[in-house]
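Observations on the three-dimensional arrangement
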Amino acid sequence: MWTAFKTAYAYGTRRNETRMLDTADFGRNPHGVEFGEYGRCQVRFGKAKKGSPPKRRGVLTVFDWTPDVLDEWFTEVRPQFGTDGNPAAWPSERDLRIGCQRINSRFKAYREALGLDDGLDFHSLRRSYVTHLIEDGWDPRFVQEQVGHEHASTTSIYTCVSSDFRTLRRHLDDTIAAALQARSGRNA
C-alpha cells in the first residue's frame, strides 16, 4: 500500500483516481526520457462534473524518485501477488483492485503508527503535491493541468500553506546555521 500512497503523491491523484490505475496507465514521456517507462501517468477516472463521464488527463512525472518506486513495485513486488491477467496497479486478494475503504483504513493505520495529526487524510497527499510543486517554482498553469483543475482558483486553494513554508524554511536555515556554527566552534 505504501507504493499506492507514494504514487498518489507523485502524481497528485485523488483516492479513486489512484485506486483505478492500471499497469498500462504508466508510460514514456518523449520529453522526459530520464523517467524511462514511468514518464507519464494516464488518469482515466478523474473527477467528473455532475452527469458527465470521468475526466481523463495525462500527468507528467516530475520527481526523480518516482520511476524507481514504480519499477520496484511492478517488477519485483506486484508479480508476487499472482496477478496474471489482472490489469489493476493495486490488486486486491478478494477483488480486481483495492477498494476505497481499504485505502482509508491503511492510511489511518499508517498515520496513527507514525503519530501524525488526525487531520491528515488521503487527499493531503494531493494538497502536498500541489503545494510542493508551487514552492519548487513550477508554473502555476502547469500545476493546474497536472491535477486536472478547470480553474486556477481551485488550484490556489491547495497552496494556502506556501507562506508558512517560507517561515519554516527561514527557521530551518537559522537552526542549521546555528548548529554548524556551534559544531565548528567545538572543532576549533
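As the structure is a computational prediction, the values presented were derived from the model and not from experiment. (Residues numbered from 1 in each chain as written. Predicted model: local features only at pLDDT ≥ 70, side-chain atom pairs only at ≥ 80, totals over all residues. Heavy atoms only, no water.)

1. Quick word on the sheet that holds strand β1 (residues 26-27)
Ordered in space as β1-β2-β3, the three strands form an open sheet in which the pairing is antiparallel. At either end of the open sheet lies a strand with only one pairing partner, and these are β1 and β3 (55-60). The sheet contact formed by strand β2 (residues 40-46) and β3 spans five bridges and is antiparallel. By the bridge assignment for β3, glycine 46 is matched with lysine 55. (Pairing = 2+ DSSP bridges. Helix = DSSP H or I, 4+ residues; strand = E, 2+ residues; numbered from the N terminus.)

2. Some points on the pattern of salt bridges
What the rule picks out here adds up to ten salt bridges. Notably, a salt bridge pairs glutamate 145 with arginine 141, separated by 2.8 Å at the nearest N-O pair. Here glutamate 145 pairs with arginine 141, and both are found in helix α6 (residues 140-147), just four residues apart, close to one helical turn. Because the salt bridges share partners, they merge into one network encompassing Asp22, Asp25, Arg44 and Arg97. (Salt bridge = Lys/Arg side-chain N within 4 Å of Asp/Glu carboxyl O.)

3. Digging into the environment of serine 92
With respect to the helices and strands, the residue serine 92 is situated in the loop between α3 (66-77) and α4 (100-113). The exposure class assigned to serine 92 is partly exposed, which follows from its relative accessible area of 24%. In sequence terms serine 92 and phenylalanine 81 are eleven residues apart; their C-alpha atoms lie 8.7 Å from each other. When neighbours within four sequence positions are excluded, serine 92 is seen to be in contact with Arg97 and Ile98. Reaching out from serine 92, the side chain makes a polar contact with the backbone nitrogen of arginine 94 at a distance of 3.1 Å. Reaching out from serine 92, the side chain makes a polar contact with the backbone nitrogen of aspartate 95 at a distance of 3.4 Å. (Buried < 20%, exposed > 50% of the residue type's maximum accessible area, 1.4 Å probe, protein only. Contact = heavy atoms within 4.5 Å. Polar contact = N/O pair within 3.5 Å; in protein donor to acceptor, adjacent residues only side chain to side chain.)

4. Focus on the packing of aromatic side chains
In this structure the tally under the stated criterion is 17 aromatic pairs. On the numbers, 6.3 Å between centres and 70° between planes, the contact of phenylalanine 107 with phenylalanine 122 is edge-to-face. Linking phenylalanine 107 in helix α4 with phenylalanine 122 in the loop between α4 and α5 (123-135), this pair joins segments that are 15 residues apart in sequence. Ring-pair connections join several aromatic residues into one group, and the members of that group are Tyr11, Phe26, Tyr38, Trp73, Phe74, Phe81 and Trp90. Its guanidinium or amino end placed over the ring of tyrosine 110, arginine 106 lies 4.7 Å from that ring's centre, counting from NZ or CZ. (Phe/Tyr/Trp six-rings, centres within 6.5 Å; stacked < 30°, edge-to-face > 60°. Lys NZ or Arg CZ within 6 Å of the ring centre and 35° of its normal.)

5. With respect to a nonpolar patch on the surface
Together, Trp2, Leu114, Leu116 and Leu120 give the surface a local cluster of nonpolar side chains, amounting to about 380 Å² of exposed area. Look at leucine 116 and you get partly exposed, because its relative accessible area is 41%. (Patch = residues over 30% accessible without salt bridge, like charges linked within 9 Å, V, L, I, M, F, W, Y side chains within 5 Å. Areas by Shrake-Rupley, 256 points an atom, 1.4 Å probe, with all protein chains shown as cover.)

6. A short note on the side chain of threonine 66
Topologically, threonine 66 is positioned in helix α3. In terms of polar contacts, threonine 66 uses its side chain to reach the backbone carbonyl oxygen of phenylalanine 63, at 3.2 Å. Contacts of threonine 66, omitting those with residues within four sequence positions, involve Ala10, Tyr11 and Thr61.

7. Observations regarding the environment of glycine 39
Among the structural elements, glycine 39 can be located in the loop between β1 and β2. Given the relative accessible area of 0%, glycine 39 is considered buried. Linking glycine 39 and alanine 8, residues 31 residues apart in sequence, is a C-alpha distance of 15 Å.

8. Comments concerning the nonpolar core
Counting residues in hydrophobic clusters, the biggest one holds 31 residues, and the most contacted among them are Tyr11, Phe26, Trp90 and Tyr129. Going through the elements one at a time, α1 (2-11), β2, α3, α4, α5 and α6 are the ones with two or more residues in this core. The element contributing the most residues to this core is α1, with six residues. Residues in contact with phenylalanine 26, not counting those within four places in the same chain, are Thr7, Tyr11, Leu21, Glu37, Tyr38, Arg40, Cys41, Leu70, Phe74 and Ala89. (Core = buried A, V, L, I, M, F, W, Y, C linked by side-chain atoms within 4.5 Å.)

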